[in-house]
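What follows is the residue order along each chain.
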Amino acid sequence: MKKFIKQLFWVLPVLALLFSCSPEFDATTEDMDLSITRVNDEQDFTAYQTFFMYDTVIHITDDENADVEGKFDDQIISEVRQHFLDLGWTEITDTTDHENTADVSIMLSAVAVDIYFYYYYWWDWWYWYPWDWWYPGYPGYPIFPGYPTNPSYGYSVGTVMIDMADMAELVQPVKKNESPKIPILWTGAVNGLLVGSDEYISKRITTQIDQVFKQSPYLSRTLPEN
Amino acid sequence: MKKYIITTILSFIVLIGTAQHYTEVFMSYLPAVPLGKTADFTPGFSPRGVDFEANHFLNDDISIGFNVAWTIFRNKVSGEIFEYQDLDIYGTQFRYQNMVPLNVNFKKYFINGDHSPYVGIGLGTQYVEMRNDLGVFSFTDDKWLFNLAPEVGLLYDLSGSTIVTIKAKYNYSPKAGDFPSVSYLSFGIGIGIN
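Bear in mind the structure is a predicted one, so any value in this text is a computation, not a measurement.

Reading guide: rules and limits
- Residues numbered from 1 in each chain as written.
- Chains lettered and ligands numbered in written order.
- Predicted model: local features only at pLDDT ≥ 70, side-chain atom pairs only at ≥ 80, totals over all residues.
- Helix = DSSP H or I, 4+ residues; strand = E, 2+ residues; numbered from the N terminus.
- Buried ≥ 20, exposed ≤ 12 C-beta atoms within 10 Å, placed from the backbone.
- Contact = placed C-beta atoms within 7 Å.
- Axes fitted to C-alpha atoms, helices over the stretch in contact; angles between N-to-C directions.
- Parallel < 35°, antiparallel > 145°, perpendicular 65-115°, else oblique.
- Left-handed = near helix turned anticlockwise from the far one by under 90°.

## Some remarks on the overall build of chain B
Item 1. Looking only at helices and strands, one finds 2 helices and 9 strands in chain B.
Item 2. Reading chain B from its N end, one meets helices and strands in the order α-β-β-α-β-β-β-β-β-β-β.
Item 3. A buried classification covers 40% of the 194 residues belonging to chain B.
Item 4. Sequence separation of at least 24 residues holds for 58% of the intrachain contacts in chain B that already meet a minimum separation of 6.

## Structural notes on the environment of A:Ser202
All names here are of chain A.
Item 1. Within the secondary structure, Ser 202 is located in helix H4 (residues 198-214).
Item 2. Judged by the 15 C-beta atoms lying within 10 Å of it, Ser 202 is partly exposed.
Item 3. Linking Ser 202 and Ile 76, residues 126 residues apart in sequence, is a C-alpha distance of 9.1 Å.
Item 4. For Ser 202, the contacting residues outside a window of four places in its chain are Phe 72 and Gln 75.

## Quick notes on the packing of helix H2 (residues 73-86) of chain A against H4(A)
All names here are of chain A.
Item 1. At their nearest, the axes of H2 and H4 sit 11 Å apart, and the two run at 25° to each other. Put simply, H2 runs roughly parallel to H4. By crossing handedness, the relation of H2 to H4 is classed as right-handed. On the side of H2, the interface is formed by Gln 75, Ile 76, Glu 79, Val 80 and His 83, while H4 contributes Ser 202, Ile 205, Thr 206, Ile 209 and Phe 213.

## Let's talk about unusual backbone geometry
Residues and elements named next belong to chain B.
Item 1. Unusually for a residue other than glycine, Gln 85 sits at a positive phi of about 55°.
Item 2. Position of Gln 85 relative to the elements: it lies in the loop between strand S4 (62-84) and strand S5 (87-109).
Item 3. The exposure class of Gln 85 is exposed, given the 5 C-beta atoms found within 10 Å.

Shown next as structure tokens:
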């Protein structure tokens, strides 16, 4: 009996090591979604009442000739516009002089990045090598000979950015090779994995855009009820 | 994560290699409860812990030794905003804390037949890594901190060379700069040889 108890106790530390080998949580696709906002805490929005919004989502890519599908563009434009209207902003639709008539301009952009994971069995490390987002077709970093690798997996991560710029404060470039500078008053961004059906991704985009505006109460132009 | 396993196993091998006559070597399963600032970041009991220890007896009731341990706390937080510089980030947070204390131990035993209660104190250093994973992004901060670890326990002699141990150990590391203090209470059950 004592010998059996002795053998049983030796199992305990082995269990401890096994327990400690898998501390990571399992994450669902929704768990990986993020809604991000950036604003200077001292930014005062009270002077801003009107906005102009471009009816285009700029897709950031290195390939100027790339034919980007943009299948969620209409949804993104529509939802962002509606949120600003719901917050009490007035939209300026005159495209001829919006820089002088609208208090702020809203610009939408999107980018997709491929991230790959390589599992190096020999060292038992997990590495991730982000593809250079300017070259989405690049095969990735070379594998050193002598380090066997298991098959890797990867996924695409999409980000939509909403920038609010004060066009009246635009600074024209002094030199030829410089760009104009525009102060960005507020940025909202949604980030998540581009996996699943279009309907699934569309639903998550809506949820995340809603959250971006929910966590930006300072954008409200509506007076509080007395 | 795997580097902590390698560190603890290598430390244990060193302990075994330097063990001399009347030295006891232990390996224990060490679940823990976070306290204070540690619990603020990752509350809740953790079943993930292990420690390795070697104690050399200076006489029948006093030993000096070395202990290396590894404890992992983790917590999943949903529906909260994480502030980072001028960003407000809303998403599911996966928080982890890895603690690897390395201590020199001093213990006093109260021998009572085959049962030996003891009290002890450990002094040394502790490596702490705090990590917060949000989406595909990860925010990590780590530090080596001074560590103090008082301990009480019991040794039970199963046979001439096999010993069972149970213990309770409080680990405390004071804050260093912006890095918060660390405190947790571990409960160990293990087995050893001499």
